[in-house]
Every structure is written in structure tokens, then in C-alpha cells.
Amino acid sequence: MYMNISMNSIVKITQRIFYYLPLFSVTLIKSHFTSYFDYKRFVNFRRPRIGILYENFMYGNYKAISRLSNRKFNPFRDYSEHGVVFSDSLHGLGARDLTKWRDIYTFSQRRKNFIENYLKTKNLNNKVHAVGSYIVGAKNFCSKRQLASFKENYGKILLCYPVHSLKDVKNEFDVDEFICSIEKVRDRFDHVFICLHNWDINSPLEEICKGKGYIIVSNGTSSDINFLSRQKDLIQLADMMMSNAIGTHIGYAIAMRTPFYFVNQEIRNIPTSSETQNSYEKVEKAAKDNLIGKVTELFGTFSFEITREQMDFVDIYWGHNEFAPSHDSTQCPVSRG
């Protein structure tokens, strides 16, 4: 059985919603009017934590999932995994009372099978859905006209995603080495965009990148429901995505038909607090470390071509989107030079 939510729990959630409604409304309005170029404003974004609603609203995934699935995502009754999980880890699922949920949404068939096998051991019958790369179902943040104007102004774009820190884990890498990798291919582009996580805004990395003449952008904060929409814009505007991190952004780039270039660097993980999160990050890092060779083989050579082998790899961890809308109001294709 599922949805075993007590009346007391419903009352508590409702009370918290009304208590935080003014803050939530202000944040929502600010988010709607804050673009990726206004990245400094994201530092002051605040979002109230209201139980499962906080997690389900993260990145705005729930809106994209509703478009990709054959049933509407209910933030009160359903649960979505926030990003691709490369390890055989339960991540947030193991600490949740799954009897309170109806459906669970994830990316790939691989992950769906793992979750379903876990549910069987607990005699639970939640439905699990693999919907592919969430970004396919996201709406663009800007209009087609705005995106076309950006593309005309900035020309050929290299979009870089340096590895970022987390709330409970600080990630460090050789910034000079990463900058050197950018400079090696910079002459193939008109502009270099550096997409910073909000944890890295106002950091030395930002100042170094600005000093090189790179343009700083950001998708927003993890609790921002327009995060995925901004990310979709930036990936569609880009002619190439480049990163030194293995993460959800790789599959998103390929799903948007944007070539991806991987720079293999040593990443040092420094725990800062939560033991639970630290434990998960250690397991996940081990899985990513095991994939470095494969990712380097597939994406470690600079090329504007997306290969069949790259797409097959993405299908395993991100799933496929053959059932997703290919040409509609959510898709704002940008002409690449």
C-alpha cells in the first residue's frame, strides 16, 4: 500500500505552506525575472523547506516530468530522483517512508529496474517510471526571439561546466589546468560561457574566469523551479559543452544534440558536514571513478560530432526520449553556425 499519510501530517504541511507562502511567492517572482546572465542574484535566493514539496520542486523537474510521462506528476503524492545516480545506491529513497508515495520517477530503465528490485524486498508496490532526460520535457526560460537574439550577439559558444561543490562536500580541482584546456580550443568559438553553481558564485574561480574574458552564467539554485529551463536555454545556445565533471549535464547535452567534451582532471572531495550525504557522495564518486575511462574514451576527444556510441552510453544512464515531443512550444531550436 502507499499514500498512508495521516491527517496530522497533512495539517502540518498545510500550516507550513501558509506560513511560508509570502516567502515562496517572492522567490517565485524573483526566479521568473532572473536570467542566467543575472547570476549574482541567485546568491540571495531563499526557498522554504516544506517536507517532500521542497524536494519535488527542486530544479523544476516536476514540470518536465509531467510532460514526459503519461500521467501528471503530483508533488504531494509522487517522488522524483533529482539527478542521474551512477552507483547502485538508494540515495534519498532508503531514508524515506515509501508507503506515503504513489509513483517514483527516474531517468533510465537501468535505474528503474534497481528501484523496483528494492521495492520488492520491502513488499511495496509503488509504480516506477523511467522518463529519460528530464530536460527534454522542460520549457525554455526565454522566448524564441530572445534566444535568436542571444545567438546573434554571442555567435559560436563554448559552454563550460566546471565541477562544483555541494552543501556537504567541497570539490577542488586545478583551476589553471582547466583554464588551459579551455584556451586550447577557445579560438574555435566566439565566446566562452562559464556556468557556475550558486555555491561557486563570488569564489576565486569566478574572478579568474572573468579575468580571462569569459562570460559568467548560472542555471540558478537547486531549489529554483526555473533551473532546468535556464539550463535548457544555455545548452541549446551552445555549440559545445565542456566539463571536468561526470554528472547529469552530460546526458542533457546529448539529449539537446549539443556535443560534449570531457576534460579528465583529478577532483578532490572534502566532506564538510552531513555524514549521510558524505557517505552517498563516496559511493557515487567510486562509481564515477570507474566510469572515467569510458567517459574519456567516448568524450575525451574534442569533436563537434555526436557518435552512436555516445548516445548508447547516455541511453544506459539517462534513458531515451523517443516518446517525448520533438517539435512543439517547449522546443526552441537555435541555429548553430
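J.: Which parts of the structure should I look at to understand the environment of G319?
T.: You can see G319 is positioned in the segment after α11 (308-318). By relative accessible area, G319 is classed as buried at 7%. When the C-alpha positions of G319 and T106 are compared, they lie 9.1 Å apart, and in sequence the two are 213 residues distant. Once you skip the residues sitting within four places of it in the chain, G319 turns out to touch F107, S108, G132 and V314.

J.: When you look at helix α3 (residues 61-68) in this model, what are you seeing that I'm missing?
T.: Note on helix geometry: an α-helix contains 3.6 residues per turn, so any two residues three or four positions apart are oriented the same way. Extensive coverage of α3 is indicated by the burial of six of its eight residues. Among the residues making up α3, those that are buried are N61, Y62, A64, I65, S66 and L68.

J.: Would you explain the confidence of the model for the protein in this entry?
T.: Note: predicted coordinates in regions of low pLDDT should not be interpreted at a detailed level. Looking at the protein, pLDDT values average 86 and 82% of them are 70 or higher. Long-range and interchain partners of residues 323-331, a stretch whose pLDDT sits below 50, account for 21 contacts in this model, where long-range means more than four residues apart.

J.: Is there a simple way to explain the pattern of salt bridges in this structure?
T.: Think of it this way: side chains of opposite charge can pair up when their charged atoms draw near. Taken as a whole and assessed by the stated rule, the structure comprises 15 salt bridges. Note that R268 is salt-bridged to E172, the shortest N-O span being 3.8 Å. Here E172 lies in strand β5 (residues 169-172) and R268 lies in strand β10 (residues 268-271), a separation of 96 residues in the sequence. On the basis of relative accessible area, R268 is assigned to the partly exposed category, the value being 36%. Taking the shortest distance from any N to any O, the salt bridge between K210 and E207 comes out at 4.0 Å. Of this pair, K210 and E207 both sit in helix α7 (residues 204-211), three residues apart, roughly one helical turn. Classification of E207 by relative accessible area gives partly exposed; the value is 46%.

Rules used throughout
Residues numbered from 1 in each chain as written. Predicted model: local features only at pLDDT ≥ 70, side-chain atom pairs only at ≥ 80, totals over all residues. Heavy atoms only, no water. Helix = DSSP H or I, 4+ residues; strand = E, 2+ residues; numbered from the N terminus. Buried < 20%, exposed > 50% of the residue type's maximum accessible area, 1.4 Å probe, protein only. Contact = heavy atoms within 4.5 Å. pLDDT = per-residue confidence, 0-100. Salt bridge = Lys/Arg side-chain N within 4 Å of Asp/Glu carboxyl O.

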